[in-house]
Amino acid sequence: MALVTSKKMFEQAYKNGYAIGAFNVNNMEIVQGITEACKEEKAPVILQVSKGARAYANHTYLIKLVEAAVIECPDIPIVLHLDHGPDFETCKACIDGGFTSVMIDGSAHSFADNIAVTKKVVEYAHDHGVVVEGELGTLAGIEDEVSHAVGSYTRPEEVEEFVLKTGVDSLAIAIGTSHGAYKFKPDQCTRNAQGILVPPELRFDILEEVSKRLPNFPIVLHGSSSVPQDYVKMINENGGKMPDAIGVPEEQLRRAAELSVCKINIDSDLRLAMTGTIRKFFNEHPDKFDPREYLKPARANIKELVRHKLKDVLGCAGKADECK
C-alpha cells in the first residue's frame with residue numbers, strides 16, 4: 001500500500017487505548033530495523049524525519065528509503081512525518097516532496113504567533129491531503145537541532161483556542177518528557193534500594209485536563225525515549241561516558257497510551273541501541289573494518305528494541321489491519 005496519513009491510525013488508537021510509535025530515521029539500517037519489526041508484529045508505524053536528518057541524509061535519499069520500506073512491507077500502514085518543522089518553508093518543502101504528515105513547531109513563539117504560523121501550515125497541508133501536528137508548551141533538552149535549556153508545561157486553558165483557530169489534526173503537549181538521553185537531572189530524581197535513579201512522574205493531571213477540553217482529539221508526546229539502561233551500560237563498558245542518562249519509565253508511557261496519547265516519539269533509544277552495539281563490536285573485534293559486519297548487529301538490536309516497544313509499551317502490535 002502507498003504511504004498514508006495518520007488520521008485513521010489516531011482514530012483507532014484513541015478508541016482502543018494504544019499509541020502509534022513515531023520513530024526517527026536517519027539511515028538505511030534504522031529504517032530497516034523499524035519496519036522489519038513492524039512487519040513481523042503487524043503494527044502501523046510513523047517514520048519521522050527531523051530537519052537535522054534531512055540535512056544529514058538528504059531529503060531524496062530518505063524519501064527513497066521509506067518508499068523501499070513501503071514496497072517491502074506492503075501490509076503495514078506507514079506515515080512519513082516531518083518532526084519539529086521549524087518554519088512554513090520547511091513544512092512546505094516536505095509536503096511538496098511526498099511527506100504525508102508534518103509538524104510545525106511554533107512553541108518558541110508567542111501564543112498568537114504560534115497560532116498564525118501553525119494555521120498557515122495547516123491551510124497549505126490540508127489543500128494537499130497532508131495532516132498537521134502542532135505544539136503547545138516546550139520540552140527541555142537537546143536532540144538533533146531542537147534545544148531548550150528549560151521546558152514549560154502546556155497550559156490546558158489554551159488548547160481549545162489553539163486547536164479551533166489553527167485546525168491542527170493532533171497536538172503535542174509538554175507534561176514532563178524531554179529531548180535527549182538525559183531527560184532528568186539527578187537532583188530531580190530519587191534513588192531506589194539498588195541506587196538506581198527514579199525519575200519524577202509525568203504530569204498526568206495536565207494530560208487529563210487537556211483530554212477533557214479536547215475530547216476524542218489525538219495528543220502527542222515528544223521526548224519519550226526510555227533510555228534502556230542495558231544499552232547505557234553497554235556504551236559505558238566499551239569506552240563511553242554516559243553517567244546518569246535516564247529516560248521516561250515505560251509504565252508511564254503505557255499509561256499515557258491508554259489515555260488520549262495516540263503518538264509517542266522515540267529517537268534516543270534507537271541511537272543508544274546502535275551506538276552501544278557498534279562500540280561493543282569494535283571492542284571485541286578491533287581488527288574489523290567492514291561496515292556491514294558492525295551495522296548488521298546494530299540493525300538487529302534496533303529491530304528488537306522496536307519490537308519490544310510495539311508489544312509492551314505502545315500496545316499497537318497486531319493493529320495494522322484496523323489502521324488501514
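Placed above this text is the structure.
My aim in this report is to walk through the structure given alongside it, one point at a time. For clarity, every value in this text was computed on a predicted model and none was experimentally measured. (Residues numbered from 1 in each chain as written. Predicted model: local features only at pLDDT ≥ 70, side-chain atom pairs only at ≥ 80, totals over all residues. Heavy atoms only, no water.)

1. Observations concerning the overall build of the protein
Across its full length, the protein carries twelve helices and twelve strands. Radius of gyration (C-alpha) of the protein: 19 Å, near the 20 Å computed for a compact globule of 324 residues. Taking all 324 residues of the protein together, the buried fraction comes to 57%. For the protein, the share of sequence-separated contacts (at least 6 apart) that also reach a separation of at least 24 residues comes to 77%. Carbon and sulfur atoms form 52% of the exposed surface of the protein, whose accessible area is close to 14,000 Å². In the protein, the 37 positive side-chain charges and the 47 negative ones have mean positions that sit 2 Å from each other. (Helix = DSSP H or I, 4+ residues; strand = E, 2+ residues; numbered from the N terminus. Rg over C-alpha atoms; globule rule 2.2 N^0.38 Å. Buried < 20%, exposed > 50% of the residue type's maximum accessible area, 1.4 Å probe, protein only. Contact = heavy atoms within 4.5 Å. Areas by Shrake-Rupley, 256 points an atom, 1.4 Å probe, with all protein chains shown as cover. Lys, Arg positive; Asp, Glu negative; His and termini not counted. Charge placed at Lys NZ, Arg CZ, Asp CG, Glu CD.)

2. Considering the packing of aromatic side chains
Where two aromatic rings form a pair, the distance of their centres and the angle of their planes describe that pair. Enumeration over the complete set of coordinates arrives at five aromatic pairs. A ring pair is formed by Phe-111 and Phe-162, whose centres lie 6.4 Å apart and whose planes are at 40 degrees; its orientation type is tilted. Here the residue Phe-111 occupies a position in helix α6 (residues 111–127), and Phe-162 occupies one in helix α7 (residues 156–166), the gap between them amounting to 51 residues. Plain terms: the ring middles of Phe-281 and Phe-282 are 5.9 Å apart, the flat faces sit at 80 degrees to each other, and that makes the pair edge-to-face. Given a relative accessible area of 11%, Phe-281 falls into the buried group. On the basis of relative accessibility, which here comes to 31%, the residue Phe-282 falls in the partly exposed class. Members of the aromatic cluster, joined through ring pairs, are Phe-281, Phe-282 and Tyr-294. In this structure, Arg-203 packs its charged tip against the face of Tyr-153, placed 5.0 Å from the ring centre. Over the ring of Phe-204 we find Arg-255; its NZ or CZ atom is 3.8 Å from the centre of that ring. (Phe/Tyr/Trp six-rings, centres within 6.5 Å; stacked < 30°, edge-to-face > 60°. Lys NZ or Arg CZ within 6 Å of the ring centre and 35° of its normal.)

3. What about the nonpolar core?
Core analysis: the biggest nonpolar cluster contains 100 residues, and Phe-23, Ile-34, Val-102, Leu-171 and Leu-310 have the highest contact counts within it. Of the residues forming this core, the biggest block, nine residues, is contributed by helix α12 (residues 291–314). Apart from residues no more than four positions distant in its own chain, Phe-23 is found in contact with Ile-34, Val-45, Ile-46, Leu-47, Gln-48, Ile-266, Leu-270, Val-306, Lys-309, Leu-310 and Leu-314. (Core = buried A, V, L, I, M, F, W, Y, C linked by side-chain atoms within 4.5 Å.)

4. Considerations on helix α2 (residues 28–41)
A turn of α-helix holds 3.6 residues, and therefore any two residues three or four places apart point the same way. With 14 residues, α2 extends 20 Å between its outermost C-alpha atoms, agreeing within 8% with the 20 Å of an ideal straight helix rising 1.5 Å per residue. Along α2, the positions that sit buried rather than exposed are Glu-29, Ile-30, Val-31, Gly-33, Ile-34, Thr-35, Ala-37, Cys-38 and Glu-41. At its buried positions, α2 is contacted by β1 (20–24), β2 (45–50), α4 (59–72), β3 (78–85), α11 (268–284) and α12. You can read the cap of α2 off the contacts: a side-chain oxygen lies 3.4 Å from the backbone nitrogen of Glu-29, and it is on Asn-27. The first or second residue beyond α2 is Lys-42, which carries a positive phi of 55 degrees. (Expected span 1.5 Å × (residues − 1). Polar contact = N/O pair within 3.5 Å; in protein donor to acceptor, adjacent residues only side chain to side chain.)

5. Focus: the pairing of strand β5 (residues 131–136)
Buried residues dominate β5, accounting for six of its six residues. Going residue by residue along β5, you find Val-131, Glu-133 and Glu-135 tucked away on one face and Val-132, Gly-134 and Leu-136 tucked away on the opposite face as well. Handedness of the crossover joining strand β4 (residues 101–104) and β5 through α6: right-handed. Both β5 and strand β8 (residues 170–173) contribute to a ladder of four bridges, which runs parallel. The residue bridging Leu-136 from the neighbouring strand is Ile-173, located in β8. (Right-handed = clockwise from strand over helix to strand, strands pointing away. Pairing = 2+ DSSP bridges.)

6. Comments concerning the pairing of β8
Burial along β8 is two-sided: the face carrying Ser-170 and Ala-172 and the face carrying Leu-171 and Ile-173 are both buried. By the bridge criterion, two bridges tie β8 to strand β11 (residues 219–221) in an arrangement that is parallel. Each residue of the ladder has a partner; that of Ala-172, found in β11, is Val-220.

7. Quick word on the pattern of salt bridges
In total, this model carries 27 salt bridges according to the counting rule given. Measuring nitrogen to oxygen at the nearest pair gives 3.9 Å for the salt bridge that ties Lys-303 to Glu-36. Taken as a pair, Lys-303 in helix α12 and Glu-36 in helix α2 lie far apart in primary sequence, 267 residues in all. Its relative accessible area of 30% is what places Glu-36 among the partly exposed residues. A salt bridge links Arg-307 to Glu-304, with the nearest nitrogen and oxygen atoms 3.1 Å apart. Highlighted residues: Arg-307 and Glu-304, both in helix α12, separated by three residues, approximately one helical turn. (Salt bridge = Lys/Arg side-chain N within 4 Å of Asp/Glu carboxyl O.)

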